[in-house]
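Coordinate analysis (summary)
Each chain, written out:
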Amino acid sequence: MTDRAIWLEALVSANGAAHALLGLDARLLVVNQAFAAAFGRLPEEADGKELTELGVPAAIVSQVEAQVRRVVLTGTPVSAFGLLPRGEMVLSPVRDADGVVTAVAAIADTNAAALAAARAEAERAKAETERVRQEAETGRTAIGRFLSAASHDLRQPFQAMHLFHHLLMGRLTDPGARDLGEKLEMSIEAAETLLRALLDVSKLEAGLVRMQVQTFPIDETLSRLLNEFAPEADAKALRFNVRPADAEVSTDPVLLEQLLRPILSNALRFTESGGVLLGRQAAPRHRPRGPVGDLRRLPPARQPEP
C-alpha cells in the first residue's frame, strides 16, 4: 500500500464512520476499516466483493441496486437502510473530470447513527424505569398485605385485653384496685393508639396512602375536633377550648385530623385537672402548635411562649 493509500485510508476512517465506494452495479470497489469491521471483515477481504458475499440479504441488495441506479440517473444523494447491519448510509454520486457519474459513495450517516443510539438508550432507560416501577409496585403490594395482616393480627390481642379488663373491672370492688384497673385501661388504650399511629406512618412511608392536598379553612377541622372530644372533656370535668385561627392551610384534611386526633386523645387522657387548648400559635418560624394539655402542670422551662 502506497503512502497515499495509507493516508487516504486514515482520512476516510478519521471520524469512525463507515465508507464504501460502490460500482454502478452496486459491487463494493473499496471500503474503509469501519465498513469492513461492521461485517467482521478486514478491508482487503471486502474490496471487490458482492454485497451478498458479506451477508447482506438479497432483498436489501435489490433495494441498494435500485438506489444506486437512481443516484446515477438523478445525480442526487439518497438514504439507504439495511446496507449496514445497523444504521443508515447516504449514497452520493462520484463524478469523473467530465462530470459523469462513475461510482457511488456510501457513507454512514453519523447523525442518524447517533440518533438511533440515543433512541436505543432512551428505550433502555424507559425499560429500566418501568422495571424499577414494577418492583416498587410489587414491594408496595407486599408491604400492603403485610400491614393489613399486621393490623388485623395485632389488634386481636388488644380486643382480648379490653374484654378481660371489662370482666376484671366487674369483679373489683376495692377502690384502690379499681383505680389500678382504670389506669390499666388507660395504658391499653394508649398502646393501641400508638400501634395505630405506627401502622399509619408505615403506610405513609410505603406510599400506600396518597395525599389529597386541599386548601381549606383550618377552623373547620378544629370545629369538628371540638365536637368530637367535648364529651370526653366534660366527663373528666376538664375545660376543652378551641382557639379560632381564621386562616387557611394547604394539606390533606383527612390526614391532618388523623394526626391531631391521637394527640388530642392523649392530652385529654393524661390531663387530670385544668383543661386542654387547641389552636394555632405563631412561632418564630410560623410553625403551627398542636394541642397543649394542662399548661399549668408543665415545668416553667417547658411552658410554651404566650
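Placed above this text is the structure.
These lines cover the structure that appears in this document, whether it is placed above or below.

Now for the overall build of the protein chain. Looking only at helices and strands, the protein chain has eight helices and ten strands in total. Of the contacts formed within the protein chain by residues at least 6 apart in sequence, a portion of 50% connects residues at least 24 apart. In the form shown here, the protein chain has an accessible surface area of approximately 19700 Å², with 57% of it arising from carbon and sulfur atoms.

A sheet is described by the order of its strands in space; here five strands give the open sequence β2-β1-β5-β4-β3, paired in antiparallel fashion. Each of the sheet's edge strands pairs with one partner strand only, and the pair in question is β2 (28-31) and β3 (78-81). Recorded for the sheet is a direction-independent mean angle of 30° between the axes of neighbouring strands. Strand direction decides the pairing type here: strand β4 (residues 88-95) and strand β5 (residues 101-108), joined by seven bridges, are antiparallel.

So, on to the pairing of β4. Bridge count between β3 and β4: four bridges; the pairing is antiparallel. Bridge assignment links Phe 81 to a residue of β4, and that residue is Glu 88. With antiparallel pairing between neighbouring strands as the criterion, β3 and β4 make up a hairpin whose turn holds six residues, including Gly 82 at a positive phi of roughly 95°. The antiparallel pairing of β4 with β5 creates a hairpin that spans five residues between the two strands, and Gly 99 there sits at a positive phi of about 85°.

What counts, and at which threshold
- Residues numbered from 1 in each chain as written.
- Predicted model: local features only at pLDDT ≥ 70, side-chain atom pairs only at ≥ 80, totals over all residues.
- Heavy atoms only, no water.
- Helix = DSSP H or I, 4+ residues; strand = E, 2+ residues; numbered from the N terminus.
- Contact = heavy atoms within 4.5 Å.
- Areas by Shrake-Rupley, 256 points an atom, 1.4 Å probe, with all protein chains shown as cover.
- Pairing = 2+ DSSP bridges.
- Axes fitted to C-alpha atoms, helices over the stretch in contact; angles between N-to-C directions.

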